[in-house]
Amino acid sequence: MWARRFMALGLLLAALPAAAQKPDCSLAPGWTQHGPARSFEPDNLFEYMDGNAEGYLLYRFVRMQGVTCRSGGDTIVFDVSEMADPEWAYGMFTANRDPDSPTEPLGMGGQILPRKATFAKDRYYVEFSAEPEKDHRAALRAFALAMEKRIAGRSRPPETLGWFPPERLKPDSVRLVPESVLGLRLLQRGYVAEYEFGKAFLVAESSPEAAAGLMAKLRARFTGNEPAAVADEAFRAADRYLGGLCFFRKGRYIGGFANLKEGEDAAGAAARLAARIP
Amino acid sequence: MKGKASRRSFLTAGLAAPVAGLARRTMDVTYGGSTQAPAAAPVSYRTLGRTGLKVSAVGFGCMITSDASVIERAAEAGINYFDTARGYQGGNNERMVGAALKSRRKQVYISTKTHGASKQAALADLETSLRELGTDYVDVWYLHAIGNPAQLTDGALEAQQTAKQQGKARFVGLSTHSNQAEVIQAAIRTGKIDVVLAAYNFTLYKTLEPALEAAAKAGLGVVAMKTMAGGFRKARPGTELHAKLSREGAMLAALKWVLRNPNVHTTVPSMTDMDQLEENLKAMVEPFREADQQILAEHLRHIAPLYCRGCNRCLDQCPQGLPIPDMLRCLMYAEGYGEFALGRERFLELPPRAARVHCRDCARCAVRCPNGVRVAERLKRAQELFA
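Residues numbered from 1 in each chain as written. Chains lettered and ligands numbered in written order. Predicted model: local features only at pLDDT ≥ 70, side-chain atom pairs only at ≥ 80, totals over all residues.

A. Representation of the overall build of chain B within the structure. Tallying secondary structure elements over chain B gives 15 helices and 11 strands in all. Sequence-distant contacts in chain B: of pairs separated by 6 or more residues, those separated by 24 or more amount to 73%. (Helix = DSSP H or I, 4+ residues; strand = E, 2+ residues; numbered from the N terminus. Contact = placed C-beta atoms within 7 Å.)

This is the structure we're talking about:
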């Protein structure tokens, strides 16, 4: 008897966090659910996101739950995507946010536009799309704020963001690149930041030894490179597509600058970035 | 149930022997690129149907590209067809593609897409696309992900004609991922669609090739997408399977397989890095060889246990009398070919017991497939998907 009760309690507790992440039309007053709830996994996301599923799978998509909400003649499509971890959820947000519009302190980061709202919190990426064409910001904000409160867990953006020097950094330009950073397969996954004078990147390897091995491969790739005095090791080079660049290694991190405008000090910029890595 | 072709014939017919008439009709042009462009990879061009555009046989699907330098390098290497969509990366993809190609806008063709179903919504999307791409016209403007002829609404088609008249879209098209053959036939019938963009690869062709041929014969341009990913759906970058397939040259083999078909005028494989680009460029100069055939056949053998080969030896084994081969075929349409709508449609044509009798109700499955198909598991999956 007790065993059964414990089991039931366990199941209930296990279900609670999942329920908290479920989209719910009653989160905003005056809205009701229209039609059944939706649920998708990587194998069938294409049924819903036909033509755009890859963009989710790239960010280690795990599952999506969604509902369509209505109030009068307005419709809001409310989807919650679970990604593999908070970093991927944040990455999904950075890839999809509008760089010309301000972000909001919603979870790890959010944005509320006239017909669309998005935010990432913990390992969840939440999206709202509104119809018809008009300014839906009040309703979107009400939904987003209520949902953000429901989701427990991480609401700080990844620490790495703070390592990019703020001088001449384009606002809200740091994003997670899920594969081939700078178009280089060797740099599998990392952050890229846009500066007024070029772009910076930061990739974490599993160990200093792995990072040193990767640096050797990068040196071989950029022939004619010259050593630079930055962090543990560094080199400068010029590439037709990546322009003037300087890559360095500090411990298990590889970072640097590329596409630097003429006259910019590549090694100096790289050194400023390296100095901020703990 | 229509279409009694066996899984074996589905899987191997297109690989075992070159399809009749698939001689390449290409115009090979060596691109005079820079010394840093892949020197050993001349680009071949084909004509995109009645549009007359001379497009590189390998184009560039920009959807998941993160760095503009790869797009710039592709353009420099001679690739001249670049595909994006309003919805990719929340609109950021168009912005990146536009910036990457701005300096060579007249030398390249850019296609984008809209999900807008009404005339007003579609045209509003186009205005946004033009602004984000930094151009005053697109070369091909697609209606995005049409899965049913009914989605070809008058409003959407009117929007396309208006865009052409205004010079904002040189040509118009539709993209389709599901129910493709039917959608393509519908596109031909409209007489207004210039280009179709369809998912086509070595695992996904039997139902599609007649439609592609009909489209090409009718003068439509044919663009193939999912040329590799569709065949290696589970092979995500970073996985061991992906690494293995890359090492073996499976990705290149799959792209070369698509290019054998002269009814395909260009392809838009996704590319995220320079290595992929250089590999894909090779597809335009290397023929599809016996070794490629073996690589793809090996992959098909790997996935074959999931699919019915149509021997029908299971027919009398199920005590509930389920039409096992037909149910498995529906699942193959959905999972193997990505044709979910077709799979569901065919499933709903089956006797009602296919949906009513649940495999999970049997304590033990009596069916033993001589080819090793995990029948009970697969039937449960079919019922989950369609019933």
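There's more to say after this.
B. Here's a closer look at the overall build of chain A. Check the secondary structure of chain A and you find six helices and 14 strands. Projected onto its principal axes, the C-alpha positions of chain A cover 65 × 55 × 30 Å. In chain A, buried positions account for 46% of the 278 residues. The long-range share in chain A, meaning contacts at least 24 apart out of those at least 6 apart in sequence, stands at 52%. (Buried ≥ 20, exposed ≤ 12 C-beta atoms within 10 Å, placed from the backbone.)

C. Structural view of the interface of chain B and chain A. Contact with chain B, which involves 33 residues of that partner, is made by 25 residues of chain A. When contributions to the side of chain B that touches chain A are tallied by element, the ones reaching two or more residues are α2 (68-77) and α10 (274-282) of chain B. A per-element tally of the side of chain B that touches chain A places α2 of chain B first, with four residues. Class assignment for the residues of the side of chain B that touches chain A results in nine nonpolar, 18 polar and six charged. (Nonpolar A, V, L, I, M, F, W, Y, C, P; charged D, E, K, R; others polar.)

D. Summary view of the nonpolar core. Among the nonpolar cores identified, the biggest contains 175 residues, and Cys246 and Ala270 of chain A together with Ile71, Phe82, Val196 and Ala254 of chain B are the most heavily contacted of them. Within the second largest apolar cluster, 21 residues are counted, among which are Cys318, Phe347, Val373 and Leu379 of chain B. (Core = buried A, V, L, I, M, F, W, Y, C linked by C-beta atoms within 7 Å.)

E. Molecular detail of the sheet that holds strand β14 (residues 253-260) of chain A. All names here are of chain A. Read across the sheet, seven strands follow the order β8-β9-β10-β14-β13-β12-β11 without closing on themselves; strand pairing throughout is antiparallel. Of all strands in the sheet, those bounded by a partner on one side alone are β8 (175-177) and β11 (226-227). Pairing of strand β10 (residues 198-204) with β14 involves six bridges; the strand directions are antiparallel. Paired with Leu202 across the bridge in β14 is Gly255. (Pairing = 2+ DSSP bridges.)

F. Looking closely at the confidence of the model for chain B. Residue and element names in this part refer to chain B. Per-residue confidence for chain B averages 82 on the pLDDT scale, and 80% of its residues sit at or above 70. For the stretch residues 1-40, pLDDT sits under 50, and the model shows 61 contacts to residues farther than four places along the chain or on other chains. Interface scoring of the predicted complex returns ipTM 0.80; its pTM is 0.80. (pLDDT = per-residue confidence, 0-100.)

G. Structural detail: the domain arrangement of chain A. Residues and elements named next belong to chain A. Domain assignment breaks chain A into domain 1 (20-150) and domain 2 (159-276). Summarising the inter-unit geometry, the C-alpha centres of domain 1 and domain 2 are found 32 Å apart. The partner domain 2 presents six residues to the 10 residues of domain 1 that form the contact. Residue composition of the side of domain 1 that touches domain 2, grouped by class: five nonpolar, three polar and two charged. (Domains from an automatic or database assignment.)

H. Summary view of the sheet that holds strand β11 (residues 266-267) of chain B. Residue and element names in this part refer to chain B. Spatially, β4-β5-β6-β7-β8-β9-β10-β11 is the arrangement adopted by the eight strands of the open sheet, whose pairing is parallel. Each of the sheet's edge strands pairs with one partner strand only, and the pair in question is β4 (60-61) and β11. Across three bridges, the pairing between strand β5 (residues 81-83) and strand β6 (residues 109-114) is parallel. The partner of Tyr81 across the bridge, within β6, is Tyr109.

I. Layout of the pairing of strand β8 (residues 169-176) of chain B. Residue and element names in this part refer to chain B. For β8, the buried fraction is high: seven of the eight residues fall into the buried class. Pairing between strand β7 (residues 138-143) and β8: five bridges, direction parallel. Looking at β8, one finds that Trp141 is bridged to Val172. Crossover connection from β8 via helix α6 (residues 180-190) to parallel strand β9 (residues 195-199): handedness right-handed. (Right-handed = clockwise from strand over helix to strand, strands pointing away.)

J. Broad picture of the environment of Leu245 of chain A. All names here are of chain A. Counting through the fold element by element, Leu245 comes out in strand β13 (residues 243-250). Along the chain, Leu245 and Tyr59 lie 186 residues apart, while their C-alpha atoms are 27 Å from each other. Setting aside anything within four residues of it in sequence, one finds Leu245 in contact with Arg236, Ala237, Asp239, Gly256, Phe257, Ala258, Leu260 and Ala266.

K. The environment of Thr272 of chain B, seen in detail. Note on placement: Thr272 of chain B falls in the loop between β11 and α10. The exposure class assigned to Thr272 of chain B is buried, which follows from the 24 C-beta atoms found within 10 Å. Remark: the alpha-carbon pair of Thr272 of chain B and Met63 of chain B, spanning 209 residues in sequence, is separated by 9.2 Å. Excluding its chain neighbours within four sequence positions, the residues that come into contact with Thr272 of chain B are Glu179 and Ser180 of chain A together with Ile64, Thr65, Ser66 and Val70 of chain B.

L. Region of the structure containing the environment of Glu194 of chain A. Residue and element names in this part refer to chain A. Within the element layout of this structure, Glu194 appears in strand β9 (residues 190-195). Since 19 C-beta atoms lie within 10 Å of it, Glu194 is described here as partly exposed. With 30 residues separating them along the chain, Glu194 and Phe164 place their C-alpha atoms 9.9 Å apart. When residues no more than four places from it in sequence are discounted, the contact partners of Glu194 are Lys170, Ser173 and Lys199.

M. Fine view of helix α3 (residues 86-96) of chain A. Taken across its 11 residues, α3 of chain A has 11 buried, putting it largely inside the fold. Taken as a whole, α3 of chain A has its buried residues at Pro86, Glu87, Trp88, Ala89, Tyr90, Gly91, Met92, Phe93, Thr94, Ala95 and Asn96 of chain A. Along its buried surface, α3 of chain A packs onto β4 (74-83), β5 (109-112), β6 (116-121), β7 (124-131) and β8 of chain A together with α3 (92-101) of chain B.

N. Quick look at the packing of α2 of chain B against α3 of chain B. All names here are of chain B. Look at α2 against α3: their axes get within 9 Å of each other, and the N-to-C directions meet at 45°. One element, α2, and the other, α3, form an angle in the oblique class. Seen along the crossing, α2 lies across α3 with a hand that is right-handed. Contacts between α2 and α3 involve Ala68, Ile71, Glu72 and Ala75 from the former and Met96, Val97, Ala99, Ala100 and Leu101 from the latter. (Axes fitted to C-alpha atoms, helices over the stretch in contact; angles between N-to-C directions. Parallel < 35°, antiparallel > 145°, perpendicular 65-115°, else oblique. Left-handed = near helix turned anticlockwise from the far one by under 90°.)

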